[in-house]
Each structure stands twice: as structure tokens, then as C-alpha cells.
Amino acid sequence: MELLVHGVAGAPPGELLGDPRTVRVTGDSTAAVFRRTDDADAEAHPERYAGRAVPEAYCWSRLTSGNGARALWLLLLPFMVVNLAHWARPAGIGAPRAVRTYGVLVRVLALSLTVLLIAAACEVALDLVAWQSTGAPFGLGFPPPGTWWGQPGRRLAVCALVPAALTGLLWFLSSRTWSAYESQPPPAHAGGPDPAGPGPARDGTPALGRPGFWYGRRLVARLRAAHTAAGLLTVAAAVAAPTARHDRRAPAPALEALGWTVQALLGAGAVVVLWVVCRRGRTEARPDHRLDRAAITLLPGAALALLAAVLLYACWSRPGWTPAGRLPGDFTFGVLMLGQGGCVLALAAVASSLHRRAPDHGPAVLYGLGGPAVAMLGCALGGVMSGGVAQRVADSLDAPAAPGPPVLLSWQAAVLPPLLLVLALLAAWFAVRGARERRRVAGAVAAEYPGETPDPARSRRIAGARAAAALTDSAPWFVGTVSGITLLLGAGALAGAWIGGQVPGEAARGAGPVVESAARAAQDAGSWLIGFGFVLFVTWGRRAYRDPAARRTIGILWDVGTFWPRAAHPFAPPCYAERAVPDLTWRMAGWTGRTGGRLVISGHSQGSVLAAAAVWQLPAHVRRRVALLTYGSPLGRLYGRWFPAYFGPGPLTALHREVDCWRNLWRATDPIGGPVLPGTDQAVDRGPLPDPIAYGRSARHPLPAPILGHGDYQADPAFGAERDALLARLTAAARAGVPLPRLSAKPAARADPAARAGPAAPADPPGTAG
């Protein structure tokens, strides 16, 4: 059998199988395995398939771009980014404490993003609407002061229902998506010892081969409870802080004591939440079927009860209490920003230590600092999104006498123009570098096609495609530079807000006309940019909700970002691989066990990552009956560099040893795919393949051949040759009953294969997610 797995953006089963008449063999409307109608009963008629394979297609695109409600996942983008930082740690040796510390720091950062989101909702609902607004916000006004509902505490209690409902919505979505996507138990003996072999599995099993890797229910449930409790406690603290402050100033000893009691309970709740988040990470040695019932039920329930008590406490009659100034948002957002910066720096120190212990320093991006850089971007996204909402609401209220949003948010907006200027300079530098690379390569393109007449325009187009594809290898430095500058600008914004206590335009008054004008321009431009970005974000979300084509574009983003389990943030978009990998594992293990046959699993782009992950989960005796064909694969070029602990040279080399055989096709014009095991003596990679197939017009190619880049690998003759070789090898092995020697083919030499090659690496040690 040949099992085809499509890549990013998906493909219909008829296109994958080359026949519009298809039938669903197994699966549902979300993800399923299809065959051609003529092959539906192939197992009942083996004589029809002598010398050829039965093709099947696994279609999983609706896991990431199904109904319109998934466009709302854009709001969870910062959570998804910080979850990626958990998996981007270096592959250290003999440092279990450092690995656990890395996981704890990322989980604490993820918790701070939840608190930041709910604090932003509290800033809008409690500070801007309930506390500062004396008019009719959004057409709904409060009664005047002196009436029963006009007291500030009762206004705060009513508006607190908005961020509390947001917290409940996040909990509901996380619970529902777990049931719909990730609650797929792996097959029996998945990734475990070979039932036919002697003894248990040996030490050194790659993390992706462990049976519990794709079923982390216990951790997700525990983190969901902790983050829900943190959100509710944040709302309670936002209501209790101004109420208790008023009671300390008023001659009411009973209310003052009650306020201190409430604050002590809130502090104790925060300590418990932090302890639950830091206590334990993932268990990958076995599926986490057991749940911590006390944590997932008592913790959110206690937080909800405490919030209800705080709302009742705030509703107590306090005649003469009038709102003044703004709620302590500056202190809250400042502490969150300072804590996030400290966590990122600590994460960088731990990641650097792990990188020094790694067996091979080559594959990891940014010298092991890829995880901290990604975490910094997640924090920046969270800050920009929360600040943008607060700025837009403050502008829509149109209350010039009100103090407005916290000063820190204005400073954050003011650093956006210099950040965008840096981004523009980086983009220009990469564009110049790409143009130079194109000119360098263009002169040698025609020589790769013997007998062709050089065509400068054609050579420039081919060289341009190669230069553009090579920019992917520079992306880590782009991300690292942006993250470092964001950290420095964020520190400057925090210092300016805390030292000056005023918005940038006012703080720069008296510092000279140039400085004052620059500060005012940065503040105004930043506010406009945040507003424009917020409107653009909402517009994109609405379009994706209504337009399936736009929703597929967003689905491409989730294809890459939600491959990994929710090990750091439970409110991140669901991990589709926790459905897709068990699907593929069940299909391969079930079919080989039922028929005794052998199969080729063929994956393109992101489908190759799913295919490799599923093969890792197979029992050892089944892996020996499987051949792997990948093309346009990011396994080595992207995943191996950004996630070296899981897709480094060691795990990939081990996978190559354990499957029957593995071939990988790649092109120099492909911005995503690349060699899987470059610079080694493993006969895996074939490439770079010629692209385009023909340089100019000829009798065989009368029309210009397109530059294919990342797509349509099946159109290359090398694809059919490699697939036929794998199928013939499996057929011969099945007839002989024993595995054959490994294939030994040399990669093509159409272009410089050393351009993407790296040094050989020993096997990575067993990884753990901390």
C-alpha cells in the first residue's frame, strides 16, 4: 500500500489519488482515509494488484481550516507562539534539572500571558467603562452617583462579569477542543517494545517515539484549571484592590478587616496557582489517562467562589465613594512586563546552558536561543494586542476629561515606530543580500543544463527563485534581531513609564524641540498603528469567518504553529497532530497487522512531519515493514533547527535506521523543503532536483517548463523513480520474508548540495519536554 499525506493548505482526495471517483475508507468529516472507488475492496482481490501498490490518501486539512468559528483562533496567537517556545529548547545531555527549569519558565510565561489578557479585559471593562466613564459608553450609561447602582463598587461588580465571562469562554473552548481534536488514545504497544523481540525497549528512545507523547491529557487538564483560576483571581483582584483601598481610608474597621482578608485569600490563591503550574510537566513514558481530580475541580471552583465573595464585598453600600483618577493599571501591567522580561532572560540562560551540553551545536538556531526568542515574540504580541484593545476603547469612549488608559500602554505604542523602522531596515538588507545572491547564481544556471543555449532572462528567474528560497535559512537571525530589539525597547518603555509617570509627549516636554517633537510623533504614530493593526486584525478575522479561501490561509498558519501539543498554554489553539498522528499510526499498524503487507508512507511538506511522527509511534516490528518517502520536507531544514531536541540529526538518524528505507527529495528553489540528513553517509537525500525540469524549449518540452518551488513534486521524474524503487524493494522483501540491504544512491549534483549541508552528528540523547 502507498499511503499519501498532503501538506500545508491541503489537497482533495481526488487530486492526491489522481481520480475524481473516491470513497472514504475510514474516518469522519474532519479527517479521513480515502481510496479510489475501484480500489475499495483491494484486499479481497489481491490478484489484481500484482506488482503494484494500493494507493490511499489521508486528508487532514479540516483539522485546521474547517468551520468559520476557527477564525476566532487568531485571538489566541500569543498563546500559540509561547507554546512553540516550549518545544524549541536545545538538546542538552545529562541536564534533567535544566530541562525541567526550562519547562517551568515557559509555563510561567504562558501563565503571565493569560493574566495579561484578562488584565486587559479588566482595564477596558472596569477602569475605562465602570470607573472613568461618566457618560454613556457604547450607548449604555450608568445611573448617576448617589443612586443604588451608581456606587463605584457596584459598577465594578457589574462590569467584572465581562472579563469573568471571557475566562469562562477560554475554559470552555479549551475543554471542547480537547474533546474534538486531542482525545485520541494511541494504539496498544505504540512506540513501545517490540512484542516479538526480547525484553523492554532500550534506553535512548527518541521523545517522539514514546507512547505518551501525543496524549498529554493530564497536563492540559491541570494547566486549564490553573489558568482558569488565574483569570478569575485576576478579575477578583481588579475589583478588590480599589474597594479595599477605599475601606482603608474610610472609618469602617469591619470593612477594612474584610478587605485585608480578601486580599490575603487572593494572595494565597495566586501562590496555589503558581505551584500547580510549576509542579510537574509532561509524562511521555505512557499516555496520561489519570487526572488530578482535586486540582481540576477544586482550583477553578474555589477561584469562582472567591470571585463571587469579592463581588458581594464590592457591592456593600459605601455612601460618598466617588471614583477619581484611574485604577492601578500602570502597576499591574508594569509588573507583568517586568516579570516577562526577567523570565525571558532566565530562559535564555538555561537554553544557553543546554546548548553547550548538546552533542552537536550545528542544527540549533541562534546558538540555542531560538526558544527564548520565540517566547519574547509571544510576549510582545500579547502586549500589542492588549494595548491595542485598550487604546481603541479609550478613543471610542470620547471622554477627554478622563485620565485614559495606563501610561505604560502609551509608551508601548510609542516604541512601535522605531521597531517598524528596524524591521524595514532588516527587510531591505535581506532584499539586497538576495539580489546579490541572484546575480552570483545566475551565471552558473545555464551550465547545469548541458546542451542548452544560455538565456540571461531565464537564468535570472531561476536564480531569483533559488535566492528567495535561501532566505528561509536567514529567518532565525531575523527573528533573533527582532526579539532582541523588542526586549530593549520594552525595557525602555517600562523605564519611561515608571520614571516619568506621563505619556511620552508630556514626559519629553522641556527636553528640547527635537526630542519633544520626536516623542509626540512616536506617541501619535504608535497609537495610530495600534488602532490600524487592531482594525486590520478584526477585519481579517471577519473575512476568514465568511470566506473559506481566507480561512485556508489562516489554516496554513495553524498547520505550522499547532503541530505541537499544548504543553505550556492550555488556551492555545488545539494540536491537530494529537488527532492526525494517532490516525496514521492506527491505520498503518492495523493494515499491516491485518494483511501482513508492507507500505510506503508518502508525505509532502507538513505531511512529511506527520508521517515521520506516526512512524516513530509504530512498534519496532511494524516500522521494519514501512518505507518512508518525503518531498518538500521541512524535517531537517526547519524542524531540525528550531526543535533540535526532537528533530535533530540524532533522532532522524535513529528513525532512518529503524524503518525499512527512507528517501527524501528536495529542490534548491523550495523555501520550505530541504535535505533531511545533510552531510552524512546516509543514503536518504536526493537533491537538489533540477527545477525547472527543462531550461528552454525543445522537442520534448515545446512549452516553457514552470519553476515548481515547493509544489508538484509528483511532476518530477525523480519522484516516480524513487517511489517505484521503494515499492519494488518492499515487494522483494515481502517475497523473501527478510529485510533487504539499504539503498545506496548518491544525491544528484545539479547544484551545490553543500549549500545546505551541515556536519555529521551523533545520535541525540533521549529528550523530555520538562
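Anything mentioned here points back to the structure above.
Chemist: What should I look at first to understand the packing of helix α9 (residues 329-357) against helix α14 (residues 475-500) in this one?
Modeler: Each pair of packed helices gets described by two things: the angle between the helix axes and the distance between those axes. Contact pair α9 / α14: the axes reach a minimum separation of 11 Å and the direction vectors enclose 150 degrees. Classified by the angle between their axes, α9 and α14 sit roughly antiparallel to one another. The hand of the α9/α14 crossing is left-handed. For the pair α9 and α14, contact is made by D330, G334, V335, M337, L338, G341 and L345 and by L487, G490, A493, L494 and W498, respectively.

Chemist: What should I look at first to understand the packing of helix α19 (residues 606-616) against helix α23 (residues 649-658) in this one?
Modeler: Taken N-terminus to C-terminus, the directions of α19 and α23 make an angle of 65 degrees; their axes are 11 Å apart at the nearest point. With respect to α23, the element α19 is oriented roughly perpendicular. The crossing of α19 and α23 is left-handed. Contact residues: α19 offers A612, V615 and W616, while α23 offers P651, L652 and L655. Here the residues of the contact of α19 with α23 are counted per class, giving six nonpolar, no polar and no charged.

Chemist: I tried to follow the environment of V482 on my own but got confused; where do I start?
Modeler: Mapping V482 onto the fold places it in helix α14. Separated by 105 residues in the primary sequence, V482 and L377 have C-alpha atoms spaced 8.2 Å apart. For V482, the contacting residues outside a window of four places in its chain are L377, L423 and L426.

Chemist: Hey, could you run me through α23 in this one?
Modeler: Because the α-helix completes a turn every 3.6 residues, residues three or four places apart line up on one side. Burial within α23 is extensive, with nine of its ten residues counted as buried. For α23, the complete set of buried residues consists of P649, G650, P651, L652, T653, A654, L655, H656 and E658. Packing partners of the buried residues in α23 comprise α19, α20 (620-623), β6 (626-631), α21 (635-642), α22 (644-647) and β7 (661-667).

Chemist: Can you help me understand the pairing of strand β8 (residues 685-689) in this one?
Modeler: For a regular strand, the rule is simple: side chains alternate between the two faces of the sheet. For β8, a buried count of four out of five residues is recorded, marking the element as mostly surrounded by other parts of the structure. Here β7 pairs with β8 via three bridges, running parallel. Looking at β8, one finds that R667 is bridged to L689.

Chemist: Would you mind showing me how to read the side chain of H710 here?
Modeler: When you line up the elements, H710 lands in the loop between β8 and α24 (717-736). The class of H710 is buried, set by a relative accessible area of 17%. Within the structure, H710 has its side chain in polar contact with the side chain of D670 (distance 2.8 Å).

Chemist: Would you take a moment to explain the pairing of strand β1 (residues 2-5) for this structure?
Modeler: Side-chain alternation along β1 places E2 and L4 on one buried face and L3 and V5 on a second face that is also buried. Bridge count for β1 against strand β4 (residues 55-59) is four bridges, and the pairing is parallel. Counted as the bridge partner of E2 is P55 from β4. Pairing geometry for β1 and strand β5 (residues 599-604), over four bridges, is parallel. Bridge assignment links E2 to a residue of β5, and that residue is V600.

Chemist: Explanation requested: the packing of aromatic side chains in the structure shown.
Modeler: In this description, a pair of aromatic rings is defined by centroid distance and the angle of the planes. Scanning the model with the defined rule gives 26 aromatic pairs in all. Judged by centre distance (5.4 Å) and plane angle (55 degrees), the rings of W87 and F213 are tilted. Of the two residues, W87 is situated in helix α2 (residues 77-87) and F213 in the loop between α5 (161-182) and α6 (217-249); the sequence distance between them amounts to 126 residues. Put simply, the rings of W60, W87, F213, W214, F563, W564, Y576, W616, Y639, F643, Y646 and F647 pair up and form one aromatic cluster. In this structure, R318 packs its charged tip against the face of Y313, placed 4.9 Å from the ring centre. Against the face of Y713 rests R667, its NZ or CZ located 3.9 Å from the ring centre.

Chemist: Got a minute to help me understand the pattern of salt bridges in this structure?
Modeler: Using the criterion set out here, one finds 20 salt bridges in the structure. In this structure, R440 engages E437 in a salt bridge whose closest nitrogen and oxygen atoms are separated by 2.7 Å. Of this pair, R440 and E437 are both found in helix α12 (residues 416-445), three residues apart, which corresponds to roughly one turn of the helix. Overall, R440 belongs to the exposed group, its relative accessible area being 58%. A salt bridge links D660 to R598; the nearest nitrogen and oxygen atoms lie 3.5 Å apart. With a gap of 62 residues between them, D660 in the loop between α23 and β7 and R598 in the loop between α18 (577-595) and β5 connect regions that are remote in the sequence.

Chemist: Looking at this structure, I do not really get the nonpolar core. What am I missing?
Modeler: Note that soluble globular proteins tend to have their nonpolar side chains buried in a common cluster. The biggest cluster of nonpolar side chains holds 147 residues, and the ones touching the most others in it are Y58, F563, W564, I601 and F647. Considering each element in turn, this core owes the most residues, 19 residues, to helix α3 (residues 96-132). Not counting residues up to four positions away in its chain, the partners in contact with W564 are N83, L84, W87, L208, F213, C575, Y639, F643, Y646 and F647.

Chemist: What should I look at first to understand a positive patch on the surface in this one?
Modeler: Residues R436, R438, R439, R460 and R461 make up a contiguous surface patch of positive charge. Elements with a contribution of two residues or more to the positive patch: α12 and α13 (456-470). Considering every element that reaches the positive patch, the biggest residue donor is α12, with three residues.

Reading the values: rules and limits
Residues numbered from 1 in each chain as written. Predicted model: local features only at pLDDT ≥ 70, side-chain atom pairs only at ≥ 80, totals over all residues. Heavy atoms only, no water. Axes fitted to C-alpha atoms, helices over the stretch in contact; angles between N-to-C directions. Helix = DSSP H or I, 4+ residues; strand = E, 2+ residues; numbered from the N terminus. Parallel < 35°, antiparallel > 145°, perpendicular 65-115°, else oblique. Left-handed = near helix turned anticlockwise from the far one by under 90°. Contact = heavy atoms within 4.5 Å. Nonpolar A, V, L, I, M, F, W, Y, C, P; charged D, E, K, R; others polar. Buried < 20%, exposed > 50% of the residue type's maximum accessible area, 1.4 Å probe, protein only. Pairing = 2+ DSSP bridges. Polar contact = N/O pair within 3.5 Å; in protein donor to acceptor, adjacent residues only side chain to side chain. Phe/Tyr/Trp six-rings, centres within 6.5 Å; stacked < 30°, edge-to-face > 60°. Lys NZ or Arg CZ within 6 Å of the ring centre and 35° of its normal. Salt bridge = Lys/Arg side-chain N within 4 Å of Asp/Glu carboxyl O. Core = buried A, V, L, I, M, F, W, Y, C linked by side-chain atoms within 4.5 Å. Patch = residues over 30% accessible without salt bridge, like charges linked within 9 Å, V, L, I, M, F, W, Y side chains within 5 Å. Areas by Shrake-Rupley, 256 points an atom, 1.4 Å probe, with all protein chains shown as cover. Lys, Arg positive; Asp, Glu negative; His and termini not counted. Charge placed at Lys NZ, Arg CZ, Asp CG, Glu CD.

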